[in-house]
Amino acid sequence: MIELIRDNPNITISQLSLKLDLSEPAIKKNLKQLKESGYIQRIGSNKTGYWEVLK
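First, a word on scope: everything that follows refers to the structure included in this document. (Residues numbered from 1 in each chain as written. Predicted model: local features only at pLDDT ≥ 70, side-chain atom pairs only at ≥ 80, totals over all residues. Heavy atoms only, no water.)

A short note on the overall build of the protein
Now for step 1: Counting secondary structure elements, the protein contains three helices and two strands.
Now for step 2: Going from the N terminus to the C terminus, the protein shows its helices and strands as α-α-α-β-β.
Now for step 3: Looking at the 55 residues of the protein, the share that counts as buried comes to 18%.
Now for step 4: The contacts in the protein between residues at least 6 apart in sequence include a share of 28% that link residues at least 24 apart.
Now for step 5: Roughly 3900 Å² of accessible area belongs to the protein as shown, and the carbon and sulfur atoms make up 49% of that amount.
Now for step 6: Distance between charge centroids for the protein: 6 Å, based on 9 positive and 6 negative side chains. (Helix = DSSP H or I, 4+ residues; strand = E, 2+ residues; numbered from the N terminus. Buried < 20%, exposed > 50% of the residue type's maximum accessible area, 1.4 Å probe, protein only. Contact = heavy atoms within 4.5 Å. Areas by Shrake-Rupley, 256 points an atom, 1.4 Å probe, with all protein chains shown as cover. Lys, Arg positive; Asp, Glu negative; His and termini not counted. Charge placed at Lys NZ, Arg CZ, Asp CG, Glu CD.)

Okay, structure coming up:
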C-alpha cells in the first residue's frame, strides 16, 4: 500500500481497493493504522488533498 501511495500520492481509496483486491473498509482500516504509526499523512482535504509517505 505504501508503495502505491509513494508512486501516486493522489491515489483514492477506490483505486487502492481495486489494485489490492481489498474492500474499501479494509483499505480505510489499513490507512488509519499507517497514519497512527506515522508512516503516512494526508495533506489537505479528503477531496483535493494528497498522501505523503513519511517513512
